[in-house]
Amino acid sequence: MSEAPRKHSLTLGGHRTSVSLEDEFWAGFKALAAERGLGINETAREIDASRDPGTGLATAIRLAVLRYYRDR
């Protein structure tokens, strides 16, 4: 079972930011990026650009990971 979320650093648009994700979601996020042939920063940038303004980046990443595994 996952521990508490941990902070992970990302670079979006040349700016450093961090997201707090559980290890399982971080692993899923890396798998999603690898399958797309992208790095995690580029994948995070795409997710960030398409998310609803009221949705936090960490939540948007979790939802993208959920869709990735659901649609497989």
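Residues numbered from 1 in each chain as written. Predicted model: local features only at pLDDT ≥ 70, side-chain atom pairs only at ≥ 80, totals over all residues. Heavy atoms only, no water.

An account of the overall build of the protein chain is requested, with residue identities and associated values reported.
Check the secondary structure of the protein chain and you find 3 helices and 2 strands. Traced from its N-terminal end to its C-terminal end, the protein chain shows the element sequence β-β-α-α-α. Taking 72 residues into account, the globule formula puts the C-alpha radius of gyration at 11 Å, and the protein chain, at 11 Å, falls close to it. Within the protein chain, counting contacts between residues at least 6 apart in sequence, those at least 24 apart form 41% of the total. Working note: accessible area of the protein chain is about 4,600 Å², and carbon and sulfur atoms make up 51% of it. The centroid of the 11 positive side-chain charges in the protein chain is displaced by 2 Å from the centroid of its 10 negative side-chain charges. (Helix = DSSP H or I, 4+ residues; strand = E, 2+ residues; numbered from the N terminus. Rg over C-alpha atoms; globule rule 2.2 N^0.38 Å. Contact = heavy atoms within 4.5 Å. Areas by Shrake-Rupley, 256 points an atom, 1.4 Å probe, with all protein chains shown as cover. Lys, Arg positive; Asp, Glu negative; His and termini not counted. Charge placed at Lys NZ, Arg CZ, Asp CG, Glu CD.)

Could you give an account of helix α2 (residues 40–50), naming the residues involved and the relevant values?
Looking only at α2, the buried set comprises T43, A44 and I47. Take α2 and look down its axis: the buried residues cluster within an arc of 100 degrees, on one side only. Where α2 is buried, its residues meet β1 (6–12), α1 (23–36) and α3 (57–70). (Buried < 20%, exposed > 50% of the residue type's maximum accessible area, 1.4 Å probe, protein only. Arc of directions from axis to C-beta.)

Requested: an account of the side chain of H8, with residues and values cited.
Along the chain, H8 turns up in strand β1. Note on H8: relative accessible area 9%, which makes it buried. Separated by 3.4 Å, the side chain of H8 and the backbone oxygen of R6 make a polar contact. Not counting residues within four places of it along the chain, the set of residues in contact with H8 comprises T17, S18, V19, L21 and W26. (Polar contact = N/O pair within 3.5 Å; in protein donor to acceptor, adjacent residues only side chain to side chain.)

So what's going on with the pairing of β1? Which residues, and what values?
Examined bridge by bridge, β1 and strand β2 (residues 15–21) share 7 bridges and lie antiparallel to one another. Considered in β2, the bridge of K7 is made with S20. Linking β1 to β2, which pair antiparallel, is a turn of 2 residues; within it G13 sits at a positive phi near 60 degrees. (Pairing = 2+ DSSP bridges.)

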